[in-house]
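Chains, contacts and geometry: an overview
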Amino acid sequence: RTTRVRRQVVASVLEGDVSFSTIPDGDINVDGDVNTADILLGIQVVIENRPLNPDQFWHGDIAPLVSDVPALNGEFDLADVLLITRKALGLLSF
């Protein structure tokens, strides 16, 4: 299953730098850490079609990685859960 959300991007541009209000970091329960709680929530979303709110969605939409940086594709699916798992285990950092 894939969860899709339409995103409204809030960005500020200063001297060519862009910052977003939600950073795609894998922290889908938004507690400040990427850990097993995020993995379990991600599995629930993918398997049980549990909804994510928009903030959770944009923290979790991290797949695919391009040059080891999340490339948002507007979907939350198994690829995102696998990357969240790798980050929680310390195998990825971004």
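Residues numbered from 1 in each chain as written. Predicted model: local features only at pLDDT ≥ 70, side-chain atom pairs only at ≥ 80, totals over all residues. Heavy atoms only, no water.

Let us look at the packing of aromatic side chains. Going through the model one piece at a time under the given rule, you end up with one aromatic pair. An angle of 80° between the planes, with centres 4.7 Å apart, marks the rings of Phe57 and Trp58 as edge-to-face. With a relative accessible area of 7%, Trp58 lands in the buried category. Sitting over the face of the ring of Phe94, Lys87 holds its NZ or CZ atom 4.2 Å from the ring centroid. (Phe/Tyr/Trp six-rings, centres within 6.5 Å; stacked < 30°, edge-to-face > 60°. Buried < 20%, exposed > 50% of the residue type's maximum accessible area, 1.4 Å probe, protein only. Lys NZ or Arg CZ within 6 Å of the ring centre and 35° of its normal.)

Looking now at the nonpolar core. Counting 15 residues, the largest nonpolar core has Leu52, Phe76 and Ile84 as its most contacted members. Breaking this core down by element, the ones donating at least two residues are helix H1 (36–48), helix H2 (54–60) and helix H3 (78–88). Element by element, the count of residues in this core is highest for H1, at four residues. Every residue in contact with Ile84, bar those within four places of it in the chain, is listed here: Gly26, Ile28, Val34, Asp38, Ile39, Gly60, Ile62 and Phe76. (Core = buried A, V, L, I, M, F, W, Y, C linked by side-chain atoms within 4.5 Å. Helix = DSSP H or I, 4+ residues; strand = E, 2+ residues; numbered from the N terminus. Contact = heavy atoms within 4.5 Å.)

With that settled, the discussion passes to H3. Those residues of H3 that fall on the buried side of the exposure criterion are Asp80, Val81, Leu83, Ile84 and Lys87. Down the axis of H3, the buried set is contained in an arc of 165°. They therefore lie on one face. In this fold, the buried residues of H3 make contact with H1, H2, strand E4 (65–66) and strand E6 (75–76). Directly beyond the C-terminal end of H3, a positive phi value near 80° is found at Gly90. (Arc of directions from axis to C-beta.)

This paragraph deals with a nonpolar patch on the surface. Taken together, the side chains of Leu40, Ile43 and Ile47 make up a nonpolar region of the molecular surface, amounting to roughly 290 Å² of accessible area. Taking the relative accessible area as the measure of exposure, Ile47 reaches 61% and is therefore exposed. (Patch = residues over 30% accessible without salt bridge, like charges linked within 9 Å, V, L, I, M, F, W, Y side chains within 5 Å. Areas by Shrake-Rupley, 256 points an atom, 1.4 Å probe, with all protein chains shown as cover. Salt bridge = Lys/Arg side-chain N within 4 Å of Asp/Glu carboxyl O.)

On to unusual backbone geometry. Here the bond from Ala63 into Pro64 is cis, since omega is 0°, no more than 30 degrees from zero. In this fold, Pro64 is placed in the loop between H2 and E4. Positive phi outside glycine occurs at Asn49, with the angle close to 55°. Tracing the backbone through its elements, the reader meets Asn49 in the loop between H1 and H2.

By the element assignment, Asp27 lies in the loop between strand E3 (17–20) and H1. Look at Asp27: it is buried, it has no salt bridge, and the nearest opposite charge is Lys87 at 8.5 Å. Among the polar contacts listed, one links the side chain of Asp27 to the backbone nitrogen of Asp31, at a separation of 3.2 Å. At 2.8 Å, the side chain of Asp27 and the backbone nitrogen of Gly32 are in polar contact. Residue contacts for Asp27: discarding those within four places in its chain leaves Gly32, Asp33, Val34, Asp38 and His59. (Lys, Arg positive; Asp, Glu negative; His and termini not counted. Polar contact = N/O pair within 3.5 Å; in protein donor to acceptor, adjacent residues only side chain to side chain.)

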